[in-house]
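A look at the structure
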Amino acid sequence: MLRFSLYRMVVLLCVAIMLYTVYRWCRILFGPGPEPDGRQFQHTCNMTEHYRHELERLFERVHRLLEQHGLTHFLCYGTLWGQIRMAKMLPWREKAEFCVLNEELMRHEEARFIRNFYASELRIHYLHSEGIYRIFAQESTAQHAPPYVELVVFQLDEVQGMYKRIGWKRRLLPPNCDWTPSLDCFPHNLLQGTLPKRPLGHQHHYTVPMGGIELQKYHYPDSWWKEVKVRNCNLQ
């Protein structure tokens, strides 16, 4: 009969934790980026026009609040792809993104910052591991999962001259951009000067980084030039 002593249980637990840690590091270091929108995957345009319009309205409300706080915010990830390809939200996406700067957020009291969203009938919470604020509309009319907006937080590394994603899981990894792709680094000169504005959705213009697609070359280095195959879509 196999006996489990306290010592053996502690050893098994330590081995399990080590294996899980190695697995998570491999996912972070070598796993896919935050969104497959820039890759050559086949998407089905299964989001209704009503859903997309609700997402655009939520995106505009978040934009106005960020402007009131004087925070730099710009299109990135899948939302930037939507602007570049069709000047509106991509019809297969359930969310939209603004990228924001941590040094500007730190100048605001976090409790007041969050209260202002709730005062505008928006729900917001922070994902500490990812360095992301996730925002929903309190009065969403979506029948299933409601649309949401993410504020992806970046921090300037002055030594490397690069902006990098924050979040506690990335602080456990090497800080060098070449060694840790999940930092989603991009050069600080893409945010220098007066940033341009480009149309997205119905009669709205939003800030984009300098060079337009240049940011995507850093966030999607292996696929930014590839054509995305889609089903049931009219992208014209």
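Residues numbered from 1 in each chain as written. Predicted model: local features only at pLDDT ≥ 70, side-chain atom pairs only at ≥ 80, totals over all residues. Heavy atoms only, no water.

By definition, a disulfide is the covalent link that joins the sulfur atoms of two cysteine residues. Per the counting criterion, the structure on display carries two disulfides. Sulfur-sulfur distance for the disulfide between Cys-76 and Cys-99 comes to 2.1 Å. Judged by the sign of its S-S torsion, about 100°, the bond between Cys-76 and Cys-99 is right-handed. Placement of the pair is Cys-76 in the loop between strand E2 (73-75) and helix H3 (77-86) and Cys-99 in strand E3 (residues 95-101), with a sequence separation of 23 residues. Since its relative accessible area comes to 0%, Cys-99 is described here as buried. The disulfide partner of Cys-177 is Cys-185, and the gap between their sulfur atoms is 2.1 Å. Here the S-S torsion is close to -85°, and the disulfide linking Cys-177 with Cys-185 is therefore left-handed. On the basis of relative accessibility, which here comes to 14%, the residue Cys-177 falls in the buried class. (Disulfide = S-S within 2.5 Å. Helix = DSSP H or I, 4+ residues; strand = E, 2+ residues; numbered from the N terminus. Buried < 20%, exposed > 50% of the residue type's maximum accessible area, 1.4 Å probe, protein only.)

Attention now moves to the confidence of the model for the chain. When pLDDT is averaged along the chain, the result is 86; 86% of the residues meet or exceed 70. Per-residue pLDDT, averaged within each element of the chain, yields its smallest value for strand E1 (residues 42-44) (63) and its largest for E2 (98). In this model residues 32-41 is a low-confidence stretch, pLDDT under 50, and it forms 34 contacts with partners more than four residues away in sequence or in other chains. (pLDDT = per-residue confidence, 0-100. Contact = heavy atoms within 4.5 Å.)

Right, let's get into the nonpolar core. Counting 49 residues, the largest nonpolar core has Phe-59, Val-62, Leu-66, Phe-98, Phe-113, Phe-117 and Leu-151 as its most contacted members. Broken down by secondary-structure element, the contributors of at least two residues to this core are helix H2 (49-68), E2, H3, E3, helix H5 (110-119), strand E4 (122-127), strand E5 (132-137) and strand E6 (148-157). Ranked by residue count, the leading element in this core is H2, at six residues. (Core = buried A, V, L, I, M, F, W, Y, C linked by side-chain atoms within 4.5 Å.)

The sites that carry the UniProt feature "transmembrane region" (unreviewed entry) are, in the present numbering, residues 6-23. For residues 6-23, the end-to-end C-alpha separation is 26 Å, with 100% helix and 0% strand making up the annotated structure. (UniProt positions renumbered as here; feature names shortened; annotations may be inferred.)

Before going further, it helps to examine the pairing of E5. Where a strand is regular, its side chains alternate between the two sheet faces. Counted residue by residue, E5 has five buried out of six residues, so it is predominantly covered. Alignment of E4 against E5, held across six bridges, turns out to be antiparallel. Of the residues in E5, the one forming a bridge with Arg-123 is Phe-136. Counting the residues in the hairpin turn of E4 and E5 gives four residues, including Gly-131, whose phi is positive at 70°. Both E5 and E6 contribute to a ladder of five bridges, which runs antiparallel. Within E6, the position partnered with Arg-134 by the bridge is Glu-150. (Pairing = 2+ DSSP bridges.)

A few words on the packing of aromatic side chains. Counted according to the given criterion, the structure contains 12 aromatic pairs. Ring geometry for Phe-74 versus Phe-186: centroids 6.3 Å apart, planes at 80°, classification edge-to-face. Remark: Phe-186 occurs in strand E8 (residues 186-187) and Phe-74 occurs in strand E2; sequence separation between them is 112 residues. Phe-74 sits in the buried class, given a relative accessible area of 0%. Pairing Phe-136 with Tyr-148 gives two aromatic rings, centres 5.2 Å apart and planes at 35°, and the pair type is tilted. You can see Phe-136 sitting in strand E5 and its partner Tyr-148 sitting in strand E6, a full 12 residues away along the chain. (Phe/Tyr/Trp six-rings, centres within 6.5 Å; stacked < 30°, edge-to-face > 60°.)

The calculated volume of the second largest pocket comes to roughly 260 Å³. Lining the second largest pocket we find 15 residues, and of these Asn-102, Met-106, Glu-110, Tyr-126 and Tyr-133 sit closest to its centre. Across the lining of the second largest pocket, the residue classes tally to eight nonpolar, four polar and three charged. (1 Å grid on protein atoms, 1.4 Å probe; cavity = no way out; pocket = protein on both sides within 12 Å on 5 of 7 lines; lining within 4 Å. Points joined across faces, edges and corners; volume = space filled by probe spheres on them. Nonpolar A, V, L, I, M, F, W, Y, C, P; charged D, E, K, R; others polar.)

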